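In case you want the letters, here they are:
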Amino acid sequence: MLRIRLPDGKVLESKGQITVAEAARMIGPKLAKDALAGEVDGKVIGVDYLLPADGEVAFRVFTQKDPQALGVMRHSCAHVMARAVMRLFPDVQLAFGPTIEGGFYYDMGLAHSITEDDFPRIEEEMRKIVGQDEPFERFVEPRERALALCDQMHQPLKVEHIGDGLKDERTLSFYRQGEFVDLCRGPHVPSAGRIGAFKLLSVAGAYWKGDQKRQQLQRLYGTAFFTQQDLEAHLHQLEEAKRRDHRVLGKQLELFTTSPLVGSGLILWLPKGAMIRATLETFVREELVKRGYEPVYTPHIGRVEMYETSGHFPYYSDSQFAPIEMEEGERYLLKPMNCPHHIMIYQSKGRSYRELPVRLAEFGTVYRYEKSGQLGGMTRVRGFTQDDAHLFCTPEQVADEFRGCLEMTQMMLKAVGMDDYRVRLGFRDPASDKYVGRRELWDRAEAELEDVCKTMNLPNMEKPVRGEAAFYGPKADFLVTDCLGREWQLGTVQLDYNLPSEERFGLEYIGADNAPHRPVMIHRAPLGSLERFIGVLIEHFAGAFPLWLAPEQVRVLPVSEKFTTYGTHVTEQLRAAGLRVTVDVRPEKIGAKIRDAQLAHVPYMFVVGAREMEGGSVSVRDRIDGDLGAMPLVAAIDKLKAEVAARTVRQKVKMSRPQIGGGTAENEY
RNA sequence: GCUAGCGUAGCUCAAUCGGCAGAGCAGUUGAUUUGUAAUCAACAGGUUGUGGGUUCGAGUCCCGCCGCUAGCUCCA
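All of these numbers come straight from a predicted model, not from anything done at the bench.

## Side note on a nonpolar patch on the surface
Now for step 1: Together, Ile301, Ile324 and Met326 give the surface a local cluster of nonpolar side chains, amounting to about 240 Å² of exposed area.
Now for step 2: Structurally, Met326 is set in the loop between β18 (324-325) and β19 (331-334).

## Here's the deal with the environment of Leu147
Now for step 1: In this structure, Leu147 sits in helix α5 (residues 143-152).
Now for step 2: Look at Leu147 and you get partly exposed, because its relative accessible area is 21%.
Now for step 3: For the pair Leu147 and Gly163, spaced 16 residues apart in sequence, the C-alpha to C-alpha distance is 8.5 Å.
Now for step 4: Leaving out residues up to four positions away in the same chain, Leu147 has contacts with Val159 and Ile162.

## Things to note about the protein's contact with RNA strand B
Now for step 1: The environment of RNA strand B is made up of 58 residues, and the closest members are Gln216, Met337, Ser372, Glu561 and Glu612.
Now for step 2: At 2.9 Å from a base oxygen of RNA strand B is found a side-chain nitrogen or oxygen belonging to Arg380.
Now for step 3: Between RNA strand B and the protein, one listed contact pairs a base nitrogen with a side-chain N or O atom of Glu612 at 2.4 Å.
Now for step 4: Top contributing element to the surface near RNA strand B by residue count: helix α17 (residues 590-599), with 7 residues.
Now for step 5: Each residue belonging to the surface near RNA strand B can be placed in one class, and the counts come to 19 nonpolar, 21 polar and 18 charged.

## Focus: the sheet that holds β18
Strand pairing in a sheet is mediated by backbone hydrogen bonds. Such pairs are either parallel or antiparallel.
Now for step 1: Reading across the sheet, the 3 strands line up as β17-β19-β18 and stay open at both edges, with antiparallel pairing between neighbours. Each edge of the sheet is formed by a strand with only one pairing partner; in this case those strands are β17 (301-303) and β18.

## A look at empty space enclosed by the protein
Now for step 1: Taken as a whole, this structure holds 1 cavity of 30 Å³ or more when the rule is applied.
Now for step 2: Volume-wise, the largest cavity comes out at about 60 Å³.
Now for step 3: Taken together, Phe545, Pro546, Leu547, Pro603, Tyr604, Asp622, Arg623, Ile624, Glu643, Thr648 and Arg650 make up the full set of residues lining the largest cavity.
Now for step 4: For the lining of the largest cavity, the per-class residue count stands at 6 nonpolar, 1 polar and 4 charged.

## What to know about the sheet that holds strand β33 (residues 626-632)
Now for step 1: Strand order in the open sheet made by the 5 strands is β30-β29-β31-β32-β33, with mixed pairing throughout. If you trace the sheet from one side to the other, it starts and ends with β30 (581-583) and β33, each paired once. Pairs of neighbouring strands in the sheet enclose a mean axial angle of 25°, with direction left out of account.
Now for step 2: Across the sheet, helix α16 (residues 564-576) is in contact with β29 (554-558), β30, β31 (604-608) and β32 (617-622); its angle to β29 comes to roughly 165°.

## Looking at the pairing of strand β10 (residues 171-177)
Now for step 1: Within β10, 5 of the 7 residues are buried, which leaves the element mostly enclosed by the surrounding structure.
Now for step 2: Looking at chain direction, β10 and strand β11 (residues 180-183) are connected through 4 bridges and run antiparallel. By the bridge assignment for β11, Arg176 is matched with Val181.
Now for step 3: Between the antiparallel neighbours β10 and β11 lie 2 residues, among them Gly178 with a positive phi of about 60°.

## As for the pattern of salt bridges
Now for step 1: With the rule as written, the count across this model stands at 53 salt bridges.
Now for step 2: In this structure, Arg303 engages Glu305 in a salt bridge whose closest nitrogen and oxygen atoms are separated by 3.3 Å.
Now for step 3: On the basis of relative accessible area, Arg303 is assigned to the partly exposed category, the value being 38%.
Now for step 4: For Arg359, the salt bridge goes to Glu401, with nearest N and O atoms at 2.9 Å. A residue pair is termed long-range when its members are at least 10 positions apart, and Arg359 in strand β20 (residues 358-367) and Glu401 in helix α13 (residues 398-415) qualify at 42 residues. For the pair shown, Arg359 and Glu401 are each scored as buried.
Now for step 5: The network of salt bridges with common partners includes Arg83, Arg87, Glu125, Lys128, Glu134 and Glu179.

## Here we look at the side chain of His523
Now for step 1: Here His523 is to be found in strand β28 (residues 520-525).
Now for step 2: Take His523: its relative accessible area is 3%, and that puts it in the buried class.
Now for step 3: Within polar-contact distance, the side chain of His523 engages the side chain of Asp496 at 2.8 Å.
Now for step 4: What His523 contacts, discounting residues up to four positions off in sequence, is Cys339, Ala389, His390, Tyr472, Thr492, Val493, Gln494, Asp496 and Leu499.

## With respect to helix α19 (residues 633-645)
Now for step 1: With 13 residues, α19 extends 18 Å between its outermost C-alpha atoms, agreeing within 8% with the 18 Å of an ideal straight helix rising 1.5 Å per residue.
Now for step 2: All of the buried residues in α19 are Leu633, Ala636, Ile637, Leu640 and Glu643. Down the axis, α19 shows its buried residues gathered within 130° of arc, on one side only. Exposed side chains of α19 directed beyond 90 degrees from the buried face belong to Val634, Asp638 and Ala645.
Now for step 3: Next to the buried residues of α19 lie β29, α16, β31, β32 and β33.

Thresholds applied
Residues numbered from 1 in each chain as written. Chains lettered and ligands numbered in written order. Predicted model: local features only at pLDDT ≥ 70, side-chain atom pairs only at ≥ 80, totals over all residues. Heavy atoms only, no water. Patch = residues over 30% accessible without salt bridge, like charges linked within 9 Å, V, L, I, M, F, W, Y side chains within 5 Å. Areas by Shrake-Rupley, 256 points an atom, 1.4 Å probe, with all protein chains shown as cover. Salt bridge = Lys/Arg side-chain N within 4 Å of Asp/Glu carboxyl O. Helix = DSSP H or I, 4+ residues; strand = E, 2+ residues; numbered from the N terminus. Buried < 20%, exposed > 50% of the residue type's maximum accessible area, 1.4 Å probe, protein only. Contact = heavy atoms within 4.5 Å. Near = heavy atom within 4 Å. Polar contact = N/O pair within 3.5 Å; in protein donor to acceptor, adjacent residues only side chain to side chain. Nonpolar A, V, L, I, M, F, W, Y, C, P; charged D, E, K, R; others polar. Pairing = 2+ DSSP bridges. 1 Å grid on protein atoms, 1.4 Å probe; cavity = no way out; pocket = protein on both sides within 12 Å on 5 of 7 lines; lining within 4 Å. Points joined across faces, edges and corners; volume = space filled by probe spheres on them. Axes fitted to C-alpha atoms, helices over the stretch in contact; angles between N-to-C directions. Expected span 1.5 Å × (residues − 1). Arc of directions from axis to C-beta.

Right, here's the structure in full:
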C-alpha cells in the first residue's frame, strides 16, 4: 500500500505498484495526458518510473507550465539533436549532453567539423524525428551488459565513463528512441512529439571531461521551448543583449579602444571612457579617506625575488609576462599583484599596535599574461587597474575590518544601482596542494570569514565553495551577471594569515606587552578591476550613465546659429558650476541636434533660442522624460548639481539577468 | 593555449561562378537660420588585417602570421 501525497495536501492510495503516469491518471485524465515528468520526494523523474510499492511519498506531476518540465524536455531535445547528427555524419562518438541555463548542449566527437552551415539540415532532421513522435524508452542494464552494449554501439567515451565516472553504479540506465540508444540517467519526456520549438545556437570545442590533455570534442549548443512564441521571445532577448554588449557600446560611444600594435588585452581609454573612470576613482578616493585609508603609490615592476617570497611568481609563472632580465642576474617582474609592494611599505618602519589597523590604498595597475583565447572586451584583459588596498591589523581587529570592507563594497555597488549580485565565499580545497600556509591558520581564517558574513545579511550569499580560495587565504567574492548572462567577479575581500607569516614576509608589530606580534592582512578591491567594472557598468546602464557618471552631462543646443553667443554663455556658466558640458553649434536643425544628443545618451539637453535668451533661461530636455519646459539657468544648474550630489540613478531599462525561463535538470550524461 | 568562425572606408554593411572595390552614416565644403529624435547639395575617403602561393586575372581559392568572436581550459 502506497500513500501518495499531492501538493494540495490530498492523499491518494494505491494497492499495486504503479508508474508516475498511472498515478497522474488517478488525479485526472487531463493531467495524465499533459504529464511530461513527475517528482517524488523532491526528485524529478520520468512518467514511466515506478513509484515505491509502499510507504508514503510527496508526489507531483509536471506539465508544460512547470519549469522543471522545460528542463526535462530540453534534455530530450539534446538527445534528438545527437540522433540527428548521427544520422547525418558517420562515426559519431557521444559524450555528455546536459541541459544548461537557457538550453542544452551535446558533446560529440566526429571527423566532420560542424559549422553553422550544417545547422539547417541538422534542424531539419530533428524536425523529422520530433514529427515521428517515437517514445523515449528507458531500460536498465547491469554493468557488464551496459559495457558490452556501449562497446557494441562503438561508443568508446561512454565505455570509458562507465569505467571511471560511474564506477560505483551497479546498474546503468539507457534511453532508446528508434535506432538511437544512449547511456543516460534521464529522465525524458514521454515521446519526441512533446518537444516544442527548438533551434541550434552555436558550436564550439570542448575537452572530454573538461581536461585539456584529453580529446577535444565538438559541443553543439541549442535551446528549446514549448512554444514558438517563447523561443522567439528568447532569441529576441539575445539580440537585445548583444546590442548592449560593452564592446559594441564602447565603440559606438567612444569609451575605449584597443590596438593590435599596442597588444591584445591592453585597453586604451578614450576621453569619454576615461572621464567615467576618473569620476569613479574620485568617488572611491573620497570614500577611502572617510574610512581611514591612506593612499600610497608603488612602481609597476618589482624584483622577482619579492614575488618568490610572496609566492606569486612560482604559483602563477605561466600567466605572467616573462621577467625582464638585466645584467648580473637582476630580474624584474611586471607586477601581477600590488600586495608585496604594500607589504614593503608596511615594513618600511617598525609598527606599534597603536597605529593598527594600517590601511594602504592604491589604484594599482597590474599585468597578467592571460592566454589569448580568454581575452575579451574589457572584462578579460592583460593590463588592468584594481581599486586595491591592504589592511594590516591585529587578530582582534580582523572581524571589524573585514566587515568594514564588505560594507564598503556593498555601498559602492549600491551607488551605481547594481543590486543584482551574489556573494560567494571561497574556501580552500583540502585535497589540493596549491595553497600556502599552515592548516590552523586556514581553519581560523575560514571560520572568522564565515562568522562575519553570517552577521551581515549579504544578498544571495551561498555556502562556502571549496577550491575557490586565493592561494594565501579564503575570500568573499561579489559576482555580477552581465547582459549576456555571463557572471563576473568584481569586488573581492580576502583574509590572509600567510603572507605576514614567518615563511613569507615575517611581518610584525610591537604589542602592548612590548613583544613582537604577527599582524593579519586583508586584501580588498570593492570594484575589482576598473576595466572589468566599467565594462559591466556600460552594459548595466546600456551606455546611458546616470548624471553623476555621464562623461557628458549636459549638451547646450542653440536653436539656430543666431543664438550661438547665448548658447556659449550658458555653456560657460555650466562649466563654471562644475558640470561637464558641450555646446552643439553646428548649422543643424534643432531636431537633428536633439537626436544626436539622445543617441549619445547625454542626460540633459538645454535648448536655447530667442525666448530663453530674453529671460536668461534654458529649456530643459531630459534624456528619459523629454521636454521639461523652460526654467531660469540658475535653477537648472541647481537641479543638476543636486542630482549629481545625490548620485541619483535613473534608468529607463533596468538590466536584468536574461530571463531564460527555467529549470535545468541535473543530467550530466 | 585548444577547436571553430570572422577580418572590405572612422562606423554599419554590399560586391553573382575568380572578371572595373560600392552604399548609408560620420567627415570636409557650400547653401539653409531652423523650437524638442535625421535640411539639401557637392567633395573627399581603400595596398580589401598582413606576408606568401595558385591563376591571364584574387576581396573571393590555398598556406603562414596578426587581430577579433564563441565555447573549452584558467583566473593571484
